[in-house]
Amino acid sequence: MSESYDVIVVGAGNAALCAALSASERVKKILVLERSPEDEAGGNSRFTAGLMRVAYAGVEDLKKVIELSPEEIERTDFGAYTEEQFLDDVARVTEYRCDPDLTELLVRNSLPAVIWMRSKGVRFTAAWGRQAFNIAGRFKFWGGLTVEAVGGGPGLVESLTSAAKKNGIEIWYGARATSLVADDDGVHGVRVKYQGKTREIRSRSVVLAAGGFQANPEWRARYLGPGWELAKVRGTRFNTGDVIRMALDIGAAPAGNWSGCHAVAWERNAPEFGDLAVGDQFQKHSYPWGVYINAHGRRFVDEGADFRNYTYAKYGRVILAQPGQFAWQVFDAKVKAQLRDEYKIRQVTKVTANTLEELCAKLEDTDGSAALEELKAYNAAVRADIPFNPNVKDGRRTEGLKIDKTNWANTLDTPPFEAYAVTCGITFTFGGLRITNDAQVLDSDGAPIRGLYAAGELVGGIFWFNYPGGSGLTNGSVFGRIAGASAAKAPATA
Ligand SMILES: Cc1cc2nc3c(=O)[nH]c(=O)nc-3n(C[C@H](O)[C@H](O)[C@H](O)COP(=O)(O)OP(=O)(O)OC[C@H]3O[C@@H](n4cnc5c(N)ncnc54)[C@H](O)[C@@H]3O)c2cc1C
C-alpha cells in the first residue's frame with residue numbers, strides 16, 4: 001500500500017470505475033476509495049437495470065456495442081435514436097435548463113462511451129424485455145433506450161471492477177473519504193477513514209464520483225424541502241452528500257437543481273434504503289396503463305401525459321405530495337399482460353377484487369366511496385372511439401375531467417381489478433458541483449480548482465426537474481471517462 005498516487009478516485013460506482021479505467025490509459029498508480037464494504041459496493045449503479053441511453057443512427061451502430069445475430073436483426077426494428085432526438089429529450093424534460101455544453105458532451109459521447117466500455121470488457125445486450133414491444137412477431141424498440149448491460153447493474157459493476165483490477169487499479173473498500181487535502185495551489189490528495197484510522201493520501205489529482213445526497217434525510221429536508229425526509233431511498237445508503245460537502249468546503253461552486261431530484265413510484269412498504277436482492281423491482285412503472293387514486297379517493301396526475309420514460313422520474317414527487325405520501329395504481333384485467341415484471345414480485349402491497357365497489361372498499365387508508373365515484377367518472381369520460389395503442393401516444397383520452405388522462409385511457413371494466421400501493425422512492429439528487437467541459441471542478445469565483453475533477457450523480461447542471469430514463473449511467477460513463485483522462489493529464493500541484 002503506497003500512500004502516494006497519480007490519481008485518487010472517490011467512489012466505486014459506474015462513474016468512478018470509468019474514471020479509474022480511463023486514467024489507467026495514461027498513468028499507473030490509481031487508487032479507488034469506496035466507502036461501503038465490498039459486498040455492498042457499486043453504489044446506485046449496482047441497483048440499476050443497466051439500461052443506458054445512447055444515440056445511434058441504426059443497427060450498424062448498435063453492432064459496435066452488442067453482438068447481434070442475423071436472426072435477431074431480422075426479427076427486430078431497432079429504429080434509430082439520433083443525437084438530435086437525445087438532445088431534444090434532455091432539453092424538453094429539463095425544461096431547457098440543462099447546461100448546453102455538458103448536455104452536448106453527454107449526447108455526442110454516449111455511443112463512443114459504451115463502445116469504449118465494451119473494449120474494457122463490459123458486455124451489452126438489447127433491452128428486449130423492457131423497451132421493445134412484440135408487434136405481429138417483430139420486436140420494435142421505442143423511447144431511445146435500447147442498450148442494456150448484461151447482468152444489469154450488478155453485471156455492469158462486476159465487469160468494471162474486474163477490468164479495474166486487471167488494469168492494476170487498487171480499490172480500498174470500507175474507505176470513507178472525509179476531506180480533501182488542499183491549499184492555494186489546489187488539491188493534493190484525500191483524507192480517508194480506513195480500517196478505523198484517518199490517514200492522508202497524496203495524489204497528483206483527485207476525481208470525485210461518490211454520488212448525490214439522496215440517502216441523507218437531513219439534506220433532503222434541507223434542500224429538496226419539507227417532507228422529503230419521508231421518501232424511501234431506492235438505492236445505496238452510502239450516497240449522503242459527504243463528498244459534495246468536501247468539495248464545497250474548499251470553495252467548489254454548487255450548480256444545478258439543488259431542490260430537484262429523480263423520484264419514482266415505489267412499493268409503499270419497501271425498506272428505508274434499497275435492497276440489493278430486490279434491486280429496482282420495488283418500482284411500479286406501468287401507471288400509463290391504469291389510473292392513480294390518492295387517500296382522498298381522487299386522481300391527481302395525467303398518467304398518460306407521455307411515455308413512461310419521460311414521466312416516471314418526476315411522478316415520485318407528485319406522489320410524495322399526496323395525503324399520507326402514498327397512492328394506489330388501479331388496473332383492470334385488460335392490461336394485466338402489459339404490466340411490467342416488477343408487479344409480479346412477492347413484496348407488493350396489492351388488492352384484487354371482482355368489482356370496482358369491492359376493490360375500492362379494500363383500499364387501505366383510502367376514502368373508498370370517493371374512489372368509486374372517481375373511477376366511475378373516469379370511465380364515463382374515456383373517448384372509447386379512439387383506438388388504444390401502447391406503441392404510440394395514441395390520443396385515447398378522457399374529456400371533461402378536472403385532470404384528464406391524455407393517452408392510453410382505457411375504461412376499467414374487466415375483472416379482476418387490481419390496485420398496488422406506492423409511495424415516493426428517491427433515486428438521486430440533481431444538485432451538485434459545477435464542472436468544466438474537461439470535468440474539472442470550478443470554484444465559486446468560476447476558476448478551475450487545480451487537481452480536482454468530478455463525474456456522475458454529484459455533478460450539477462445537466463438534469464433539472466426530470467430526466468430521460470437511462471441517462472444516469474450514460475452520464476457517469478461519459479463524464480467518468482473524461483474526468484479520468486483529464487485527471488491523468490493534470491500537472492502535479494504539489
Ligand atoms: C433502483 C435504481 C434503478 C436505476 N436504474 C437506472 C437505469 O437502468 N439506467 C440508468 O441510467 N440509471 C439508473 N439509475 C440511476 C443510476 O443508478 C445513477 O444515475 C448512476 O448509477 C450514478 O452513478 P455514480 O457512479 O455517479 O454513483 P454511484 O453508482 O451511486 O456510486 C457512488 C459511490 O460512491 C460511494 N461513496 C459515497 N460517499 C463516499 C465517501 N465519502 N467515500 C468513498 N466513497 C463514497 C458510494 O458508496 C457509491 O459506491 C437507477 C438508480 C436506482 C437507485
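Scroll up for the structure.
Trainee: Help me understand the pairing of strand β17 (residues 326-331) in this model?
Mentor: Along any regular strand the residues' side chains alternate between the sheet's two faces. In terms of burial, β17 is largely enclosed, as six of its six residues are buried. Along β17, one buried face is formed by Phe-326, Trp-328 and Val-330 and the opposite face, lined by Ala-327, Gln-329 and Phe-331, is buried too.

Trainee: It is not clear to me how the site of the ligand should be interpreted in this structure. Could you clarify?
Mentor: Every one of the 40 residues lining the ligand counts as a neighbour, but Glu-34, Asn-44, Ser-45, Leu-51 and Asn-239 are closest to it. Here a nitrogen atom of the ligand sits 3.4 Å away from a polar atom, N or O, in the side chain of Tyr-467. Interatomic distance of 3.2 Å between a backbone N/O atom of Gly-472 and an oxygen atom of the ligand. Broken down by secondary-structure element, the contributors of at least two residues to the shell around the ligand are α1 (14-23), β2 (30-34), α2 (43-47), β10 (175-183), α11 (242-249), β19 (417-429) and α15 (471-489). Tallying contributions element by element places α2 first for the shell around the ligand, with four residues. Taken together, the residues that form the shell around the ligand break down as 16 nonpolar, 17 polar and seven charged.

Trainee: Sorry, what's going on with the pattern of salt bridges here?
Mentor: Pairing is possible between side chains that carry opposite charge, provided their charged atoms lie close to one another. On inspection of all chains with the given rule, the structure shows 37 salt bridges. Where Arg-53 meets Asp-89, a salt bridge forms, and the shortest distance between an N and an O atom there is 3.7 Å. Highlighted residues: Arg-53 in the loop between β3 (51-52) and α3 (59-62) and Asp-89 in helix α5 (residues 83-93), separated in sequence by 36 residues. Lys-64 serves as the salt-bridge partner of Asp-61, at 2.8 Å between the closest nitrogen and oxygen. Residue Asp-61 is classed as buried on the basis of its relative accessible area of 14%. Salt bridges sharing common partners tie together Arg-53, Asp-89, Arg-92, Asp-306 and Lys-393.

Trainee: It is not clear to me how the packing of aromatic side chains should be interpreted in this structure. Could you clarify?
Mentor: Describing an aromatic ring pair means giving the distance of the ring centres and the angle of the ring planes. Applying the stated criterion across every chain yields a total of 27 aromatic pairs. Ring geometry for Phe-331 against Tyr-420: centres 6.1 Å apart, planes inclined by 65°, an arrangement best described as edge-to-face. Separated by 89 residues along the polypeptide, Phe-331 in strand β17 and Tyr-420 in strand β19 bring together distant segments of the chain. The same class applies to Phe-331 as to Tyr-420, namely buried. With centroids separated by 6.3 Å and ring planes inclined at 50°, the aromatic side chains of Phe-430 and Phe-463 adopt a geometry described as tilted. In this pair, Phe-430 sits in the loop between β19 and β20 (432-433) while Phe-463 sits in the loop between β22 (448-454) and α15, placing the two residues 33 residues apart along the sequence. The exposure class assigned to Phe-430 is buried, which follows from its relative accessible area of 2%. An aromatic cluster of at least three residues, connected via ring pairs, comprises Phe-78, Trp-128, Phe-139 and Phe-141.

Rules behind the numbers
Residues numbered from 1 in each chain as written. Predicted model: local features only at pLDDT ≥ 70, side-chain atom pairs only at ≥ 80, totals over all residues. Heavy atoms only, no water. Buried < 20%, exposed > 50% of the residue type's maximum accessible area, 1.4 Å probe, protein only. Helix = DSSP H or I, 4+ residues; strand = E, 2+ residues; numbered from the N terminus. Near = heavy atom within 4 Å. Polar contact = N/O pair within 3.5 Å; in protein donor to acceptor, adjacent residues only side chain to side chain. Nonpolar A, V, L, I, M, F, W, Y, C, P; charged D, E, K, R; others polar. Salt bridge = Lys/Arg side-chain N within 4 Å of Asp/Glu carboxyl O. Phe/Tyr/Trp six-rings, centres within 6.5 Å; stacked < 30°, edge-to-face > 60°.

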